[in-house]
2 protein chains.
Amino acid sequence: MTQTDPALAAHRCCDGCGGGPDSEVSDHTRPALEPLTDALRQIVEATVLTAVDDDELRRVHEELAAINTRLRARLIPGTYVAHVPAGDPARFWNSPVVGLRNAIAPPLVIERDSAGRVDAEFRLGGAYEGPPGLVHGGISALILDQLLGEAAAAGGKPGMTGTLTLRYRRGTPLGPLRASAWIDRVDGVKTYVVGHIADSEGPTVEAEGLFILPRWARGESAKDAWDASGPGRFE
Amino acid sequence: MTQTDPALAAHRCCDGCGGGPDSEVSDHTRPALEPLTDALRQIVEATVLTAVDDDELRRVHEELAAINTRLRARLIPGTYVAHVPAGDPARFWNSPVVGLRNAIAPPLVIERDSAGRVDAEFRLGGAYEGPPGLVHGGISALILDQLLGEAAAAGGKPGMTGTLTLRYRRGTPLGPLRASAWIDRVDGVKTYVVGHIADSEGPTVEAEGLFILPRWARGESAKDAWDASGPGRFE
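On a predicted model such as this, the values are computed, not experimentally measured, just so you know. Residue positions within a chain follow its written sequence, with the count starting from 1. For this description, chains carry letters from A and ligands carry numbers from 1, given in the order in which they are written. Reporting in this predicted model follows two pLDDT cut-offs: at least 70 for local features of residues, and 80 or more for side-chain atom pairs to be given and counted; totals over whole chains, interfaces and linings ignore these cut-offs and use all residues. Hydrogens and water are ignored here; the side-chain numbers use all heavy atoms of the structure.

A few words on the overall build of chain A. A count of helices and strands for chain A gives six helices and six strands. Per-residue burial for chain A yields a buried fraction of 55% across its 235 residues. Long-range contacts, defined as pairs at least 24 residues apart, comprise 57% of the intrachain contacts of chain A with a sequence gap of at least 6. Counting only carbon and sulfur atoms, one obtains 51% of the accessible surface of chain A, whose full area is about 9500 Å². Each helix is a run of H or I in the DSSP string that is no shorter than four residues. Each strand is a run of E no shorter than two, and both are numbered from the N terminus. To sort residues, take the accessible area from a 1.4 Å probe on protein chains only and compare it with the maximum for the residue type: under 20% means buried, over 50% means exposed, and anything in between is partly exposed. Two residues qualify as a contact provided that any one of their heavy atoms is within 4.5 Å of a heavy atom in the partner residue. Note on areas: Shrake-Rupley with a 1.4 Å probe; residue coverage comes only from the protein chains shown.

Quick look at the structure:
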């Protein structure tokens, strides 16, 4: 939102947000946010791989510290997901897997069908390395947790992750990859989803997940659901 | 390395590295790299949460693009782990979980004992959110994969992740957390490790992992090990 745009200024959703009407809290900021985050992803990788001298690193640090202060001059109040309502197009922009404003995310762009099948093609570079030349096993787990959860949701059965099991068949090379997940079976509030990450030669990591419809989505309040502590919370 | 430091310049480990003697490829750069990466982590979070106007976002994007170009003026050749030798103190600085030069990493600082027990205290902020106010389930998986692998290694049984099973007992709140892992049992080249992430009220996510000593660490070459494709690779 520019300071000279009275139309948007009139539709600020809340004092801390700076966004547009309620239904598009931050949507108008996408053309500005997306390239910023892309540049930030590049810097995250460059910081892992750079061999410039220490004087240059110190100069860059000073500039980054100043940029951080500027971005924090105005922040969304509370946490992102708690602030952006369900159904808002900007709802998942914060995600560390698919988020267009999160530089941790590769990001994955996930294609969905109504039967609960999801697919994604993506590239993992130097910031995601574990063993030499290979993807960190935990990064594969991060991606598969998201993908299996989205498959459950795409099939009309959204849920919290109950259990996730990963089988590492062979090393996953850095570079272009694809991943898929689909619903295996549904048993009441429990949805069983399977999927994998693959390189050009086939699957490298296989996953199976149990996703459980949270109590608040079954008619109870979110507070009631979270107040029920222990393993029973997900039953 | 500064351009006025002939002693270090004479000990450059390779043309693309800019580092010191072989045994400390990038160690002298730590005082410059660590604060830079810390500032970058702050920016990653700030980009998720910022509500500054689009004009400011566009100005920041231009500055970040220029910084990216400067950091890429000189890069380590190939991938980081393939370039930095085993035993080098900078070996894991690239890690997306513990790496001091990777802004994806919180980072975890892991304490180890020789019996294979590892512990870490850390804080997860807005860049790691999944459900409202809670840690993304895949981020918990990422952290536990690293921690269980380090427990296997701390006990003298390093290995590649074979399987990893995560049980989500309840939501993990953003904020201060701790995690632990230890060896449950060893069966030949297979090491079984268990662990959890916990908040102030106890464990939130439990994990069990099977780590397998790779063939190249049993006397075969790395190439032989990776050339043996399929599930048998990890047997």
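Let us keep going from here.
On to the packing of helix α3 (residues 54-71) of chain A against helix α3 (residues 54-71) of chain B, then. Where α3 of chain A contacts α3 of chain B, the axes come no closer than 11 Å and their chain directions differ by 165°. The orientation of α3 of chain A with respect to α3 of chain B, classified from their angle, is roughly antiparallel. Regarding α3 of chain A and α3 of chain B, the two cross each other, and that crossing is left-handed. Contacts between α3 of chain A and α3 of chain B involve Glu56, Leu57, Arg59, Val60, Glu63, Leu64, Ile67, Arg70 and Leu71 of chain A from the former and Glu56, Leu57, Arg59, Val60, Glu63, Leu64, Ile67, Arg70 and Leu71 of chain B from the latter. Classes in brief: Ala, Val, Leu, Ile, Met, Phe, Trp, Tyr, Cys and Pro nonpolar; Asp, Glu, Lys and Arg charged; the others, Gly included, polar. Across the contact of α3 of chain A with α3 of chain B, the residue classes tally to 10 nonpolar, no polar and eight charged. In this description, a line fitted to the C-alpha atoms serves as the axis of each element, helices being fitted only across the stretch in contact, and the angle between N-to-C directions of two axes falls anywhere from 0 to 180 degrees. Angle categories: roughly parallel below 35 degrees, roughly antiparallel above 145, roughly perpendicular from 65 to 115, and oblique for all the rest. Should the near helix be turned counterclockwise from the far one by less than a right angle, the crossing is left-handed, whereas a clockwise turn marks it as right-handed.

Right, let's get into the sheet that holds strand β6 (residues 202-212) of chain A. A pair of strands is considered paired only if DSSP assigns at least 2 bridges between the two. Spatial ordering of the open sheet is given by β1(A)-β2(A)-β4(A)-β5(A)-β6(A)-β3(A)-β3(B)-β6(B)-β5(B)-β4(B)-β2(B)-β1(B), a layout of 12 strands whose pairing is antiparallel. The sheet is open, and its two borders are formed by β1 (110-112) of chain A together with β1 (110-112) of chain B, each paired with just one other strand. Adjacent strand axes in the sheet meet at a mean angle of 20° when their direction is disregarded. Where strand β3 (residues 160-168) of chain A meets strand β3 (residues 160-168) of chain B, five bridges bridge the pair, whose relative direction is antiparallel. Opposite Thr165 of chain A, over in β3 of chain B, you have Thr165 of chain B as the bridge partner. Against the sheet, helix α5 (residues 137-154) of chain B touches β3 of chain A together with β1, β2 (118-124), β3, β4 (175-187), β5 (190-199) and β6 (202-212) of chain B, its axis set at about 135° to β5 of chain B.

Residues and elements named next belong to chain B. An ideal rise of 1.5 Å per residue puts 26 Å on 18 residues; α5 measures up with 26 Å between its terminal C-alpha atoms. A large share of α5 lies buried, amounting to 17 of its 18 residues. Following α5 by one or two positions, Gly156 has its phi on the positive side, about 85°. Each helix should span, by expectation, one fewer than its residue count multiplied by 1.5 Å.

Bring the parts together and some accessible area is lost; that lost area is often taken as the interface size. In this complex, chain A contributes 94 residues to the contact, which on the side of chain B involves 94 residues. The term buried area denotes the loss of accessible surface (1.4 Å probe radius) that occurs when two parts are joined, taken as the sum for both partners. Both sides of the chain A and chain B interface together cover about 8400 Å² of buried area, and 63% of this is carbon and sulfur. In what follows, salt bridge is the name for a side-chain nitrogen of Lys or Arg lying within 4 Å of a carboxyl oxygen of Asp or Glu. Taken together, the links from chain A to chain B amount to six salt bridges. For Arg70 of chain A, the salt bridge identified is with Glu56 of chain B, shortest N-O distance 2.9 Å.

Another point: α3 of chain B. Over its 18 residues, α3 of chain B extends 25 Å from the first C-alpha to the last, a length consistent with the 26 Å expected when each residue adds 1.5 Å. Among the residues of α3 of chain B, those classed as buried are Asp54, Glu56, Leu57, Val60, Leu64, Ile67, Asn68 and Leu71 of chain B. Taken down its axis, α3 of chain B places every buried residue within 135° of arc, on the same side. Looking at α3 of chain B, the residues exposed on the side facing more than 90 degrees away from the buried face are Glu62 and Thr69 of chain B. Looking at the buried positions of α3 of chain B, the neighbouring elements they touch are α2 (30-49) and α3 of chain A. For the purposes of these results, a polar contact is taken to be a pair of N or O atoms within 3.5 Å, where, inside protein, one atom must be able to donate a hydrogen and its partner to accept one; residues adjacent in sequence count only when each atom of the pair is a side-chain atom. Where α3 of chain B begins, the capping side chain belongs to Asp53 of chain B, and its oxygen is found 3.1 Å from the backbone nitrogen of Asp55 of chain B. Our arc is simply the arc of the directions from the helix axis toward the C-beta atoms.

Another point: the relation of the copies chain A and chain B. At an RMSD of 0.0 Å, chain A and chain B line up after a rotation of 180° and a shift of 0.0 Å along the axis. The two molecules are tied by a two-fold rotation axis, judged by turn and shift. Measuring from the rotation axis to each C-alpha of chain A, the shortest distance belongs to Thr165 of chain A, at 2.1 Å. The residues that chain A uses at the interface reappear at the interface of chain B in 100% of cases, marking a shared surface. Alignment of copies: least-squares fit on C-alpha atoms of residues with pLDDT of at least 70 in both copies.

What follows concerns the pairing of strand β4 (residues 175-187) of chain A. All names here are of chain A. In the sheet, strand β2 (residues 118-124) pairs with β4 via seven bridges, with the strands oriented antiparallel. By the bridge assignment for β4, Phe122 is matched with Leu177. In this sheet, strand β5 (residues 190-199) lies alongside β4 in antiparallel orientation, the contact comprising nine bridges. Bridge assignment links Arg185 to a residue of β5, and that residue is Tyr192.

What follows concerns the nonpolar core. Definition used in this section: a nonpolar core is a set of buried Ala, Val, Leu, Ile, Met, Phe, Trp, Tyr and Cys residues joined via side-chain atoms within 4.5 Å. In terms of nonpolar packing, the biggest core is built from 117 residues, with Leu166 of chain A together with Leu166 of chain B touching the most fellow members. Other than its neighbours up to four places away in sequence, Leu166 of chain A contacts Ala141, Leu144, Val205, Glu206 and Ala207 of chain A together with Gly162, Thr163, Leu164 and Leu166 of chain B.

Attention shifts here to the side chain of Arg170 of chain A. Residues and elements named next belong to chain A. Summarising the element assignment, Arg170 is placed in the loop between β3 and β4. With relative accessibility at 10%, the residue Arg170 sits in the buried group. One polar contact links the side chain of Arg170 to the main-chain carbonyl oxygen of Gly202, over a distance of 3.1 Å.

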